[in-house]
Every structure is written in C-alpha cells, then in structure tokens.
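Residues per chain are reported as follows:
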Amino acid sequence: IKIGANFRQYSPDSKGSIFMDTASKISNTEYGIYSGFEKDFFYDKLKVNGTWRMDKNENFDFNFSPAASLVYKATETDIIRLSLSSAVRNPTLSDQYLYYNVGRAILIGNLNGHGEDYGENMVTVQSLINYYLPASPNKDSLKFFSVDPIKPEKAKSAELGYRTTLFDKVYIDANYYYSKYTDFIGYKIGVKFNGKDTIINGEQGYQIYMPSIQAYRMAANAENIVTTQGAS
C-alpha cells in the first residue's frame with residue numbers, strides 16, 4: 001500500500017504585464033492526496049492494482065480520480081493487461097488570471113465568467129461583421145453569448161494490451177486505448193462593446209457608426225465531449 005501527497009503554491013509577480021496583478025498580488029494554492037495498493041492472486045498469475053486520488057485548487061471544488069488495472073500472466077510469454085483510469089487537470093494560472101493585450105485582441109483568464117449572463121455585452125465576431133457590413137443580409141441581429149467560469153478538465157481512459165513472444169525470436173507488444181474528456185480546456189473568442197459611438201473609416205471610403213468594441217480570447221471549457229483513441 002502506498003500513500004502520498006503534494007502541495008504547491010503559485011505566487012507570480014508580473015506587475016500587470018501578463019496577469020491581473022496590478023491591484024493585488026496573486027496567490028494560488030493547490031494540493032492532492034494519493035493512495036494505492038497492489039496485490040497478487042492465483043500464485044502470482046494475476047496482479048491487481050487500484051489507486052485513488054483527490055485534488056483541490058483553492059478556486060475549484062474537490063476532484064476525485066480513481067483508477068484500476070489487471071495484469072494476467074497466462075503463460076511465461078503471454079501477458080494480458082487491462083486498465084481503467086481517470087484524471088483531472090486544473091486550469092493553469094493563465095487560464096485563471098491571464099490579461100495580455102496582443103493588439104488585435106486581449107487574451108484573458110476566466111475565473112468569473114464573461115458575457116451576457118455576467119453583465120457584459122458580448123457577441124460573436126462573425127455576427128458583428130455581418131451586422132455592420134453594408135452588403136450583409138443579416139443587419140438586424142447580433143448573436144450574444146456567455147462563457148461560464150473555467151472548470152477543471154476531466155478525463156477517463158480505458159486501455160487493453162497483450163504481450164507475447166513467438167518462436168523464441170519475435171517479441172510482440174500491442175495495445176489499444178480510448179479516452180474521453182469532459183470540460184476540455186481551450187478558448188473562445190468574442191467581442192465586448194459599450195454604448196459610446198466611434199467613427200470608423202471603411203476600406204472603401206464610407207463611414208460607419210458603431211459602439212466602442214474590444215475583442216477578447218477567453219479561456220473556456222468545451223461544451224461537447226472530446227474523445228481520442230489510438231493503438232500501437
């Protein structure tokens with residue numbers, strides 16, 4: 001039986017150049033607890049392994065990630081293995097606290113959410129383009145949306161493997177895995193605007209009146225389930 005733990009504290013000091021730390025310093029703490037066992041059965045033909053892990057970041061709820069594996073030694077050369085596992089990835093400091101102006105957009109973290117549900121006027125880039133282009137057929141609609149606060153990414157995986165030796169000369173080790181991710185961490189792009197009018201010169205010499213706008217790329221979780229699989 002094995003027992004373990006980890007603790008980590010982040011204290012970045014970017015002076016506002018990368019993170020949201022101009023008004024106050026950022027301090028972010030996370031820790032985890034781990035326990036696992038391994039046991040042999042049937043005269044060492046079957047090896048059973050089980051683990052349990054709990055992770056906590058101060059900005060997110062407790063997360064649990066159990067795992068188990070079986071290794072069966074059918075003969076001296078034939079071994080079959082099966083594993084079921086789960087894992088958690090906490091959002092990074094950038095996913096939480098980033099604030100970096102790259103000119104065309106501001107790259108921003110997402111601890112508190114953005115958009116319509118959080119008191120902000122935010123629309124998709126394409127709907128804003130369609131709304132203001134003179135030749136656009138969709139001048140009467142803007143597509144408002146919201147991005148919920150970032151959450152930890154979770155994964156579940158299954159793996160099946162087989163190992164053998166043929167003719168005392170050929171060694172074979174084959175495996176297949178399938179993984180499923182929920183709340184996969186990536187980003188979304190949107191435009192926030194206020195009611196102040198600004199005159200912008202169009203490429204063809206015309207002028208349009210539109211609110212003051214700012215594009216953002218926000219850390220976000222995928223709404224759909226992401227899967228991956230492979231074999232070797």
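For the structure, check the block above.
Residues numbered from 1 in each chain as written. Predicted model: local features only at pLDDT ≥ 70, side-chain atom pairs only at ≥ 80, totals over all residues. Heavy atoms only, no water.

Undergrad: It is not clear to me how the packing of aromatic side chains should be interpreted in this structure. Could you clarify?
TA: Think of a pair of aromatic rings as described by two things: how far the centres are apart, and how the planes are tilted against each other in angle. All chains considered together, the criterion is met by two aromatic pairs. Plain terms: the ring middles of Trp-52 and Phe-64 are 5.8 Å apart, the flat faces sit at 35° to each other, and that makes the pair tilted. Of this pair, Trp-52 sits in strand β3 (residues 46-57) while Phe-64 sits in strand β4 (residues 63-64), and the two are 12 residues apart along the sequence. The interplanar angle of 90° and the centroid separation of 5.6 Å between the aromatic rings of Tyr-181 and Phe-184 together place this pair among those described as edge-to-face. Residue placement shows Lys-192 over the ring face of Tyr-216; its charged tip is 4.4 Å from the ring centre. Residue placement shows Arg-217 over the ring face of Tyr-187; its charged tip is 4.4 Å from the ring centre. (Phe/Tyr/Trp six-rings, centres within 6.5 Å; stacked < 30°, edge-to-face > 60°. Helix = DSSP H or I, 4+ residues; strand = E, 2+ residues; numbered from the N terminus. Lys NZ or Arg CZ within 6 Å of the ring centre and 35° of its normal.)

Undergrad: What's the story with unusual backbone geometry in this structure? I'm lost.
TA: Working note: non-glycine residues mostly have negative phi, and peptide bonds are mostly trans. The phi torsion at Asp-44 lies on the positive side, around 70°, for a residue other than glycine. Located in the positive-phi region is Asp-168, a residue other than glycine, with phi close to 60°. Mapped onto the fold, Asp-168 is located in the loop between β12 (153-166) and β13 (170-182). Classification of Asp-168 as exposed rests on a relative accessible area of 74%. (Buried < 20%, exposed > 50% of the residue type's maximum accessible area, 1.4 Å probe, protein only.)

Undergrad: How do you make sense of the pattern of salt bridges when you look at a structure like this?
TA: Pairing is possible between side chains that carry opposite charge, provided their charged atoms lie close to one another. Applying the stated criterion to the full structure yields 10 salt bridges. Lys-154 is the partner of Asp-183 in a salt bridge, and the nearest nitrogen-oxygen pair spans 3.7 Å. With Asp-183 in the loop between β13 and β14 (185-201) and Lys-154 in strand β12, this residue pair connects regions lying 29 residues apart in the sequence. When its relative accessible area of 29% is taken as the criterion, Lys-154 is described as partly exposed. (Salt bridge = Lys/Arg side-chain N within 4 Å of Asp/Glu carboxyl O.)

Undergrad: Help me understand the nonpolar core in this model?
TA: Side chains that are nonpolar tend, in soluble globular proteins, to be buried together. Residues Ile-106, Ile-108, Met-122, Phe-145, Val-147, Tyr-216, Met-218 and Ala-220 constitute the largest nonpolar core, which totals eight residues. The greatest single-element share of this core, amounting to three residues, is contributed by strand β15 (residues 207-221). Not counting chain neighbours up to four residues away, the residues in contact with Phe-145 comprise Gly-115, Glu-116, Met-122, Val-123, Thr-124, Ile-189 and Gly-190. Core analysis: the second largest hydrophobic core is formed by five residues, Val-123, Leu-128, Val-191 and Phe-193 among them. (Core = buried A, V, L, I, M, F, W, Y, C linked by side-chain atoms within 4.5 Å. Contact = heavy atoms within 4.5 Å.)

Undergrad: I keep staring at the pairing of strand β5 (residues 67-73) and nothing clicks. Help me out?
TA: Within a regular beta strand, the side chains point alternately toward one face of the sheet and then the other, so they alternate between its two faces. Summarising the sheet, β3 and β5 pair through six bridges and their orientation is antiparallel. Bridge pairing in β5 places Lys-47 opposite Val-71. Examined bridge by bridge, β5 and strand β6 (residues 79-89) share seven bridges and lie antiparallel to one another. The residue of β6 that forms the bridge with Val-71 is Arg-81. What sits between the antiparallel neighbours β5 and β6 is a turn of five residues. (Pairing = 2+ DSSP bridges.)

Undergrad: For this particular structure, what's the right way to read the environment of Ala-5?
TA: On the secondary structure map, Ala-5 appears in strand β1 (residues 2-10). The spatial distance from the C-alpha of Ala-5 to the C-alpha of Met-54 is 9.4 Å, given a sequence separation of 49 residues. Among all residues touching Ala-5, those that are not within four sequence positions of it are Gly-32 and Ile-33.

Undergrad: What is the right way to look at the pairing of β3 in this model?
TA: Bridge count for strand β2 (residues 28-41) against β3 is 12 bridges, and the pairing is antiparallel. Each residue of the ladder has a partner; that of Glu-30, found in β3, is Asn-57. Where β2 folds back on β3, the antiparallel hairpin that results is connected by four residues, among which Phe-42 adopts a positive phi of roughly 55°. Taken together, the two bridges between β3 and β4 define a ladder with antiparallel strand orientation. Opposite Asp-55, over in β4, you have Asn-63 as the bridge partner. Hairpin connection between β3 and β4: a loop of five residues separates the two successive antiparallel strands.

By themselves, these figures tell us nothing about what the structure is for.
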